[in-house]
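# Structural overview
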Amino acid sequence: MLEYQIAHQERIEHTFVEGDHRVTLLGTLEVGPQGLGCMGMSQSYGQGDDAESIRTVHRALDLGVTLLDTADVYGAGANEELVGRAIADRRDRVVLATKFGLADPERRPRGDAAYVRRACEASLRRLGVDHIDLYYQHRVDPAVPIEETVGAMADLVREGKVRHLGLSEAGAETIRRAHAVHPITALQSEWSLWTRDIEAVVAPACAELGIGIVPFSPLGRGFLTGRVTSLADLEEGDSRHAMPRFAEDNLVRNLAIVEALRALAAERDVTPGQLALAWVHHRGEHVVPIPGTKRVKYLEENVAAASLTLSADDLRAIEAAAPAAAGDRYPPEMLRLSNM
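Conventions we followed
Residues numbered from 1 in each chain as written. Predicted model: local features only at pLDDT ≥ 70, side-chain atom pairs only at ≥ 80, totals over all residues. Heavy atoms only, no water. Pairing = 2+ DSSP bridges. Helix = DSSP H or I, 4+ residues; strand = E, 2+ residues; numbered from the N terminus. Buried < 20%, exposed > 50% of the residue type's maximum accessible area, 1.4 Å probe, protein only. Lys, Arg positive; Asp, Glu negative; His and termini not counted. Salt bridge = Lys/Arg side-chain N within 4 Å of Asp/Glu carboxyl O. Contact = heavy atoms within 4.5 Å. Core = buried A, V, L, I, M, F, W, Y, C linked by side-chain atoms within 4.5 Å. Right-handed = clockwise from strand over helix to strand, strands pointing away.

## What about the sheet that holds strand S3 (residues 36-37)?
Each strand in a sheet pairs with its neighbour through backbone hydrogen bonds, running either in the same direction (parallel) or in the opposite one (antiparallel). The seven strands are arranged S3-S4-S5-S6-S7-S8-S9 in an open sheet whose pairing can be described as parallel. Bordering the open sheet on either side are S3 and strand S9 (212-216), each of which pairs with just one other strand. Two strands pair when backbone bridges link them, and strand S8 (residues 184-190) and S9 are joined in this way by five bridges, in the parallel orientation. Paired with Ala186 across the two strands is Gly212, which belongs to S9.

## A short note on helix H9 (residues 296-305)
For H9, the tally of buried residues reaches seven of ten residues, placing the bulk of the element in the interior. Taken as a whole, H9 has its buried residues at Val296, Tyr298, Leu299, Glu301, Asn302, Val303 and Ala305.

## Here we look at unusual backbone geometry
Located in the positive-phi region is Arg221, a residue other than glycine, with phi close to 55°. As for its placement among the helices and strands, Arg221 is situated in the loop between S9 and helix H7 (248-268). For Asp269, which is not glycine, the phi torsion reads 60° and is therefore positive. Note on Asp269: relative accessible area 71%, which makes it exposed.

## A look at the side chain of Asp72
Checked against the element boundaries, Asp72 lands in the loop between strand S4 (67-69) and helix H2 (78-87). At 4.5 Å, Arg126 is the nearest oppositely charged side chain to Asp72, a buried residue that forms no salt bridge. In this structure, Asp72 is in contact with Gly77, Glu80, Thr98, Lys99, Phe100, Gly101, Ala103, Ala119, Ser123 and Arg126, ignoring residues within four places of it in sequence.

## Description of the nonpolar core
Residues Leu36, Leu67, Ile87 and Phe223 are the most contacted members of the largest nonpolar core, which totals 94 residues. Counting residues per element, this core draws most heavily on H7, which supplies seven residues. Excluding residues that lie within four positions of it along the chain, Leu36 makes contacts with Met41, Thr56, Val57, Ala60, Val65, Leu67, Leu68, Asp69, Ile290, Pro291, Thr293 and Leu299.

## Thoughts on the pairing of strand S5 (residues 95-100)
Among the six residues in S5, six count as buried, and that is most of the element. Neither face of S5 is left uncovered, since the one carrying Val95, Ala97 and Lys99 and the one carrying Leu96, Thr98 and Phe100 both have all their residues buried. One ladder, built from three bridges, connects S4 with S5; its direction is parallel. Of the residues in S5, the one forming a bridge with Leu67 is Val95. Remark: the S4/H2/S5 crossover connection has right-handed handedness.

Listed below in structure tokens is the structure:
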């Protein structure tokens, strides 16, 4: 049985060094202690730079980051193509994760068996690989029994096109039903200092079933780094303009969280983002956050956070600095997609 450190517990110190090959288990899948979210290289957070993004992927692999996360919907397939180019000559060093289920033209979750197969074949072509290491359903389709969806995903495993299965933003009951059809290796859900929804029910269910957790947006979509202090800091077209927590009134209230983190971080000679990310690392041994970035500079800063050892007193101080965030994490139309 896995244990998620939702209570205040000590963590054994880990240090990333060049070429580090330490592993963490997501179910039975070996990955580095921290992954890399690739979405922002192609959408959502301003103008991309493919050359810098590829350098970032390569640097991540050099630093022992093995889990690369993308999805067919990111950049309408362009992100999978970008990741595929980045790993073409180093596929054996990568645990490649992608997702299906939100790229339907109607932008509704899809999970019917025929769609699962089509989506996988399309992702394999864009990525330029013969198999996907970890294949997630991006959002649960409320119109299709999860048993059908996971059954189709399990067929892909039997055919060698997929190695491990995952779900994203799924609730505990759905996870249990899915796991009864085929072992679920990982749950990908938002988990950070200002988004802790999974802690009450979902994380304990995953621990009971031996399922790893892959937190996305562990830095609160960049807000917890302290680099966003007003909407003027965001490029035109940045998706955070539509996020309730970044709306002016909420943003002002949420800046108090960052200022409190900044003070704690200064005492430890780290950045607010590193402290917030280290807190996620301390959630448990089988938790592998995937902070996203498209720049080498921020990748290196994020990777260094995995080296920080926080005491029980540290964790209490960090949590006291970060009470509930003001505003929902998504606009209403996106919140409705969650199965939690």
